[in-house]
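# What the coordinates show
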Amino acid sequence: MVQLVGSLRKELSDTLSTCQVLVVGAGGIGCELLKNLVLTGFKNIEVIDLDTIDVSNLNRQFLFQKKHVGKSKAQVAKESVLQFCPTVNITAYHDSIMSPDYNVEFFRKFMLVMNALDNRAARNHVNRMCLAADIPLIESGTAGYLGQVTVIKKGLTECYECQPKPTQKTFPGCTIRNTPSEPIHCIVWAKYLFNQLFGEEDADQEVSPDTADPEAAWNSENTAARATASEKDGDIKRVSTKEWARSTGYDAVKLFHKLFKDDIMYLLTMDKLWKTRKAPTPLVWNQLEKSASPQKVSVGSGLKDQQVLGVWGLCQLFQHSVETLRSQLQKMGEGAELVWDKDDTPSMDFVTAAANLRMHIFSMNMKSRFDVKSMAGNIIPAIATTNAVIAGLIVLQGLQILSGELESCRTIFLNKCPNLRKKLLVPCVLDPPSANCYVCASKPEVTVKVNVHKTTVLALQDRILKERFGMVAPDVQIEDGKGTILISSEEGETETNNSKFLADFGIRNGSRLQVDDFLQDYTLTVNVLHTEELERDVEFEVVGEAPDKAPPPQTTPEDVNSVTNGNKDSAQPSTSKAPEEADDVMIVNSDDDEEEEGASSSTAAAATSSSKRKHSDAETGETSTKRPRTTLSSATAAPADNDDDDDDIIALD
């Protein structure tokens, strides 16, 4: 007779009380997960999160209260859990999981690692650390009503990076407010600004510089001091952006100076943010007006919406749109609010102007009104219920792993609408590792197309190795028979190389680079393919992947019926040059066979590689080819097809 301790077998209960597990992230999923773990019987938990608590977290991250605003998420989560389960041993780290302190030996002390992250860079890093340590990893993600949980084990399943990920479309608040690096960051900021000034204010949509940015206050003493000061947040009388704008009579020039001069100058005081980034440049209205040239109002030819306005042209558009929107508010009466609509000319003009001015400040290529309209879409709210369901599934997968039943684990998708079997949760068999994966293959190797005469060493390090291939501190050696060191992770050793071009070091078509990241215990061979035919604004291209700037593929009958996170994002223009971050959420077909009938997350139907199904990303809302697709019922597809607003979804939690 099986001996039980509560609802668990005694052997499993004993394992839970002795094993050590690591939770990476203490936000929406992380709070639910920590609660589930201690109530299930886990006794030794370590949790790490770099973030601090914001007011906007309080509606779903239930371990936090208003008095905790500004404090470490990991530390407060630990204290809250200990209040209802004081016997558990929890160690909290207010730190980045990508810090060198958390090396392979750190990961090897755990029997299980569970991710509750919100960005691709950290996901990639934890994936590699768990592969190097040979520790099972449970990966998860949510986007609105959608969610996914999967298990990663070296040599047995796909790793997180086995399949290419679409371009990121969810971004931490500090990225939007402090350190935008892509046009989409500025467009999201501009939409937030519209709501702060003219629409319904939302604490999640603050646009002022984020003084609680963890990266800006890396020093632990500064962080602690800020957290103490922020504890009194509830007693501070804050003037909202809308109230301030009203007090100025929605004066466009005063708004301009606050947003594009004063706030930017304040950001410049956060000097730690600009050690490895190009600092922003404040704009001054009078100076721009004096230097304005009537001949440079716009750049490019073609239709008006496809032209890129000059800086002064954008200033004029900003002023005109603010005045128009102010008039609309006044006509509607006291307490009225506007709703942003991409088809409303003044609203679209405002977002186009504000987003492009911010792009210019942060040294990005500005976009036409047409491009901005294509990128600007709906915001998916974070749903507490989705986080709770996914956190529960994480624990169930963990119990199977600790029971020695890894082969019984599944990738589980949480869908918005039931399939034909009336199921919201759809399990799929775990896929085996990809032989072509540049992370978990026995000898990882990639080929990259670049123009060696235009690509600098710094671009190779930051844009290709760090951003595209997720490395933290790469060392690069040229396989030229001399062992030339191109990039060293040791500070100061090769910084003089940064501004030089690859060709200056003899790198040409067919050259090979040996890249090592000792923190991740990861080695990658990069084959260089020289080309002078890259598309405009494309710095490099990984061979075997569609370039990010390429036109969308031709629609097939299969794709017409596909649901991609409830939208049609795959037809939208790309918003960055290199994928950065995300988690996969695939809408499994309504008529898919369930796992018990042999369904697989990669073989739901026999199909050639040319007809692979698309799966959508939990954080980007976009799609990438991965799994074969069978026909989707029109009943399930209809809601997405009929929703005109869902042309571009950005999930922000």
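Up top is the structure.
Predicted, not measured: the structure shown is a model, and the values here were computed from it.

## Points about the nonpolar core
Counting 55 residues, the largest nonpolar core has W189, F198, F256, F260, F318, F350 and L357 as its most contacted members. Those elements that provide at least two residues to this core are α7 (183–197), α10 (252–268), α11 (285–291), α12 (311–332), α13 (345–361) and α14 (369–375). The element that contributes the greatest number of residues to this core is α7, accounting for 10 residues. Apart from residues lying up to four places away in sequence, F350 is in contact with A190, L193, F194, L197, F198, F318, S321, V322 and L325. In terms of nonpolar packing, the next biggest core, distinct from the first, is built from 52 residues, I97, C130, V450 and F540 among them.

## Describing the sheet that holds strand β4 (residues 44–48)
Read across the sheet, 8 strands follow the order β5-β4-β3-β6-β7-β8-β12-β13 without closing on themselves; strand pairing throughout is mixed. Of all strands in the sheet, those with a lone pairing partner are β5 (89–93) and β13 (425–429), marking the two edges. In this sheet, adjacent strand axes meet at a mean angle of 15° when their direction is disregarded. Relative to strand β6 (residues 112–115), strand β3 (residues 20–24) is paired through 4 bridges, and the arrangement is parallel. Residue pairing for β6: V23 is matched across the bridge by M114. Along the sheet, helix α3 (residues 73–84) contacts β4 and β5; its crossing angle with β5, the most-contacted strand, is approximately 165°.

## Overview of α10
The first and last C-alpha atoms of α10 sit 23 Å apart over 17 residues, in line with the 24 Å expected at 1.5 Å per residue. At K258, α10 shows its maximal kink, close to 35°. For α10, the set of buried residues is A252, L255, F256, K258, L259, F260, D263, I264 and L267.

## Some thoughts on α7
Helical periodicity: at 3.6 residues per turn, an α-helix aligns residues three or four positions apart in one direction. The terminal C-alpha atoms of α7 lie 21 Å apart, and with 15 residues this matches the ideal 21 Å at 1.5 Å per residue to within 8%. Counted residue by residue, α7 has 15 buried out of 15 residues, so it is predominantly covered.

## Concerning the pairing of strand β17 (residues 512–517)
Each regular strand displays side chains that alternate between the two surfaces of the sheet. Strand direction decides the pairing type here: strand β15 (residues 475–478) and β17, joined by 4 bridges, are antiparallel. By the bridge assignment, I478 is partnered in β17 with L513. As judged from the 6 bridges shared by β17 and strand β18 (residues 522–530), these two strands associate in the antiparallel manner. The residue bridging D516 from the neighbouring strand is T523, located in β18. Connecting β17 to the next strand, β18, in antiparallel fashion are 4 residues, including D521 with a positive phi near 55°.

## So, the pattern of salt bridges
Overall, the coordinates contain 15 salt bridges when judged by the stated rule. Between E139 and R123 there is a salt bridge; the shortest N-O distance is 3.0 Å. Of this pair, E139 sits in strand β7 (residues 137–143) while R123 sits in helix α5 (residues 120–133), placing them 16 residues apart in sequence. Judged by relative accessible area, E139 falls into the buried class, the value being 1%.

## Regarding the pairing of β15
Here β15 runs beside strand β16 (residues 484–487); their pairing, made up of 3 bridges, is antiparallel. When the sheet's bridge partners are listed, Q477 is paired in β16 with I485. Between β15 and the antiparallel strand that follows it, β16, lie 5 residues; G481 among them carries a positive phi value of about 85°.

## Some remarks on the environment of T531
Position of T531 among the secondary structure elements: in the loop between β18 and β19 (540–542). By relative accessible area, T531 is classed as buried at 16%. Linking T531 and H453, residues 78 residues apart in sequence, is a C-alpha distance of 9.5 Å. Dropping the residues within four chain positions of it, T531 is found in contact with K449, V450 and N451. A distance of 3.1 Å separates a polar side-chain atom of T531 from the backbone nitrogen of E533.

## Let's talk about the packing of aromatic side chains
Evaluation of the coordinates by the stated rule reveals 18 aromatic pairs. Aromatic side chains Y93 and Y102 sit 5.5 Å apart centroid to centroid with 75° between the ring planes, which places their arrangement in the edge-to-face category. In this pair, the class of Y93 matches that of Y102, namely buried. Clustering of aromatic rings is evident, with ring pairs tying together W189, F194, F198, Y250, F256, F260, W285, W312, F318 and F350.

## A few points about the packing of α7 against α13
A pair of packed helices can be characterised by two numbers: the angle between their axes and the separation between those axes. In the contact formed by α7 and α13, the axes pass within 8 Å of each other and the chain directions differ by 130°. Accordingly, the angle class assigned to the pair α7 and α13 is oblique. Classified by chirality, the crossing of α13 by α7 is right-handed. In this structure, α7 uses P183, C186, I187, W189, A190, K191, L193, F194 and L197 to contact α13, whose residues at the interface are S347, F350, V351, A354, A355, R358 and M359. In terms of residue class, the contact of α7 with α13 is built from 13 nonpolar, 1 polar and 2 charged.

About the criteria used
- Residues numbered from 1 in each chain as written.
- Predicted model: local features only at pLDDT ≥ 70, side-chain atom pairs only at ≥ 80, totals over all residues.
- Heavy atoms only, no water.
- Core = buried A, V, L, I, M, F, W, Y, C linked by side-chain atoms within 4.5 Å.
- Buried < 20%, exposed > 50% of the residue type's maximum accessible area, 1.4 Å probe, protein only.
- Helix = DSSP H or I, 4+ residues; strand = E, 2+ residues; numbered from the N terminus.
- Contact = heavy atoms within 4.5 Å.
- Pairing = 2+ DSSP bridges.
- Axes fitted to C-alpha atoms, helices over the stretch in contact; angles between N-to-C directions.
- Expected span 1.5 Å × (residues − 1).
- Bend = angle between axes of the 7 residues up to and from the residue.
- Salt bridge = Lys/Arg side-chain N within 4 Å of Asp/Glu carboxyl O.
- Polar contact = N/O pair within 3.5 Å; in protein donor to acceptor, adjacent residues only side chain to side chain.
- Phe/Tyr/Trp six-rings, centres within 6.5 Å; stacked < 30°, edge-to-face > 60°.
- Parallel < 35°, antiparallel > 145°, perpendicular 65-115°, else oblique.
- Left-handed = near helix turned anticlockwise from the far one by under 90°.
- Nonpolar A, V, L, I, M, F, W, Y, C, P; charged D, E, K, R; others polar.

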